[in-house]
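For reference, the chains in residue letters:
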Amino acid sequence: MRQWPNVYGQRRWWGSSMLIQSALTCIFLILFTQLTGQIINYIQVLKNDALVNFPESIDFTLSLESKTPVERITLIYGTNATSCSPGGARQAQDFNPHTAIELEWQWDLKRSGSVPPGAEIWWQWEIEDEDGGIFLTDRQSMLVIDDRHSWQETSEANVTVYWYAGDAAFGQTLLALAVDSLARLSSEAGVATENPIQVWAYPTAADVRDAVVNTPEWVGGVAYPDYGIAIVAFRPGEDEEPGHVIPHEIAHLVEGSVIFNCRGGRMPTWLSEGLAEFSAGGRSQSSMARLEASLEQGRLPPLNLLSRGFSAYTRGADLAYTQSTAVVTYLLETFGPEMMADLIDKLRSGKSINDALLMIYGFDTEGLDAEWRLSKGYEPIPMSAVDLELQENEPTQVATLAL
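Read on for a plain summary of the structure. These numbers come from a predicted model, not from an experiment. (Residues numbered from 1 in each chain as written. Predicted model: local features only at pLDDT ≥ 70, side-chain atom pairs only at ≥ 80, totals over all residues. Heavy atoms only, no water.)

1. Here's the deal with the overall build of the chain
- Secondary structure assignment for the chain yields eleven helices and 13 strands.
- By the burial criterion, 45% of the 403 residues in the chain qualify as buried.
- Restricting the contact set of the chain to residue pairs at least 6 apart, pairs at least 24 apart contribute 68%.
- Approximately 20900 Å² of the chain is accessible, and the part contributed by carbon and sulfur atoms is 50%. (Helix = DSSP H or I, 4+ residues; strand = E, 2+ residues; numbered from the N terminus. Buried < 20%, exposed > 50% of the residue type's maximum accessible area, 1.4 Å probe, protein only. Contact = heavy atoms within 4.5 Å. Areas by Shrake-Rupley, 256 points an atom, 1.4 Å probe, with all protein chains shown as cover.)

See the structure below:
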């Protein structure tokens, strides 16, 4: 007999709970209906487009009607590039508040930097009316393609190559170079990635520069590690230079993948370019001869000076690439790829290059420079400062990272 009040109490509590839930659900549905009603009834998007004018700009267009005047519109946009700030950029739009709005905004890539073919852009509009109601359009996305050409593609594993000059056999040649480059980087340099990689091949260095805004005249290939995309100059029938530039750019993509961090860790230029040149098979005999001559004359700059970029001119750039390659080759041949992988891991964790070198090898950049020079039979400290007037204005075609 005493169990009935318990059971009844449970039933009464359950019934009350159901009533509360039903009431809350009704309130939610009313609010949701009002909100969606405002979106559907008060703001109607008539046009929402993006047009890629490769490689110079991307034009966004918005047209809408609203029952109440629209006071603020902000374009939120971005790309699929690897980033520590994935929220995108915000661009407030200039217009007169009204119930009917048509506007355009141009993303000037000549000012902000190139977006490579194969990248993805995304955008959405934030619209606010005079009553403070905010409407966010659905997120749209599209691929950036250089539609001036008819592209072919082929892929293997995580590598896809695109080309428009040449037949299917030529595409297989491109793919084999890229895949072999990844294998060599992994086995001989201890640097590997499973991230997707794209290679876009243009016939000439001039075509590459035409596809990448604001590039120096000596650029013959460009890597975008944040996108996993490389643009290279490779024409059917060529062998030597394309066989160098593709592994070089592939190396930069892999480096960018393995070094990415939000702690401030980065590769010095000499390490990045040295690994890339090592992957490409090293420097030419003439370049190595110039390096040797500079060592003999005491005119080779300290390695520290190659940490944040190379010369923009032929002889200075060639010497910097060759010196960096020689130093990286010394590290790999003397200490092995495993220690190189450990060095990159320390850089990714936010360590400076000097701290990382000390932790892995027991010497900093200056010490590495000294050890390498001694291994070549030269004094550990340059006898004189580098003669910067060596550099000539003649451009040279070499591969590089995107700005």
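2. Things to note about the nonpolar core
- Counting 58 residues, the largest nonpolar core has W270, L271, L275, M340, L343 and L368 as the members making the most contacts within it.
- L64, V70, Y77 and W105 belong to the second largest nonpolar core, which has 41 residues in total. (Core = buried A, V, L, I, M, F, W, Y, C linked by side-chain atoms within 4.5 Å.)

3. Quick notes on the state of the cysteines
- For the structure on display, the rule yields one disulfide.
- Shown here is the disulfide that connects C84 with C262, its sulfur atoms set 1.9 Å apart. Looking along the S-S bond of the C84-C262 disulfide, the torsion reads about -100 degrees, which is the left-handed sense. Separated by 178 residues along the polypeptide, C84 in the loop between β2 (57-79) and β3 (89-92) and C262 in the loop between α5 (242-259) and α6 (269-279) bring together distant segments of the chain.
- The class for C84 is partly exposed, based on a relative accessible area of 41%. (Disulfide = S-S within 2.5 Å.)

4. Some points on helix α8 (residues 314-335)
- Taking 1.5 Å of rise per residue, the 22 residues of α8 would be expected to cover 32 Å, and the 32 Å separating its terminal C-alpha atoms lies within 8% of that figure.
- Judged by how many residues are buried, α8 sits mostly within the fold: 18 of 22 residues are covered.
- Two residues or fewer after α8 comes G336, characterised by a positive phi angle close to 90 degrees. (Expected span 1.5 Å × (residues − 1).)

5. Focus: the pairing of strand β9 (residues 159-163)
- Burial of β9 is extensive: five of the five residues sit out of reach of the surface.
- Where burial is concerned, the two faces of β9 agree: the one with V159, V161 and W163 and the one with T160 and Y162 are both buried.
- With five bridges joining them, strand β8 (residues 152-156) and β9 adopt antiparallel strand pairing. Each bridged residue has a counterpart across the sheet, and for Q152 the counterpart in β9 is W163.
- Remark: two residues form the turn of the hairpin made by β8 and β9, two consecutive strands paired antiparallel; A157 in that turn has positive phi of roughly 55 degrees.
- Once you follow β9 into helix α3 (residues 168-189) and on to strand β10 (residues 197-202), the crossover reads as left-handed. (Pairing = 2+ DSSP bridges. Right-handed = clockwise from strand over helix to strand, strands pointing away.)

6. Notes on the packing of aromatic side chains
- All chains considered together, the criterion is met by 17 aromatic pairs.
- Here F60 and W105 contribute two aromatic rings whose centre-to-centre distance is 6.2 Å and whose plane-to-plane angle is 20 degrees, an arrangement assigned as stacked. Remark: W105 occurs in strand β4 (residues 98-108) and F60 occurs in strand β2; sequence separation between them is 45 residues. Take F60 and W105: they sit in the same class, and that class is buried.
- Ring geometry for W151 against Y202: centres 5.2 Å apart, planes inclined by 80 degrees, an arrangement best described as edge-to-face. Within this pair, whereas W151 is found in the loop between β7 (140-143) and β8, its partner Y202 is found in strand β10, the two being separated by 51 residues in sequence.
- Judged by its relative accessible area of 1%, Y202 is buried. (Phe/Tyr/Trp six-rings, centres within 6.5 Å; stacked < 30°, edge-to-face > 60°.)

7. Some remarks on the pattern of salt bridges
- Counted according to the given criterion, the structure contains eleven salt bridges.
- The salt bridge involving R148 is made with D210; its shortest N-O contact spans 2.8 Å. Residue R148 is found in the loop between β7 and β8, and its partner D210 is found in helix α4 (residues 205-211); the two are separated by 62 residues along the sequence.
- Residue class for D210 comes out partly exposed when judged on its relative accessible area of 43%.
- The partner of R184 in a salt bridge is E188, and the shortest N-O contact between them spans 3.0 Å. With a gap of four residues between them, R184 and E188 both fall in helix α3, about one helical turn apart.
- The exposure class assigned to R184 is partly exposed, which follows from its relative accessible area of 25%.
- Taking the relative accessible area as the measure of exposure, E188 reaches 36% and is therefore partly exposed. (Salt bridge = Lys/Arg side-chain N within 4 Å of Asp/Glu carboxyl O.)

8. Quick notes on the packing of α3 against α6
- Two numbers describe how α3 lies on α6: the axes approach to 10 Å, and their chain directions differ by 115 degrees. The angle between α3 and α6 places the two elements in the roughly perpendicular class. For the element pair α3 and α6, the recorded crossing hand is right-handed. Contacts from S181, R184, L185, E188 and A189 in α3 reach L275, F278 and S279 in α6. (Axes fitted to C-alpha atoms, helices over the stretch in contact; angles between N-to-C directions. Parallel < 35°, antiparallel > 145°, perpendicular 65-115°, else oblique. Left-handed = near helix turned anticlockwise from the far one by under 90°.)

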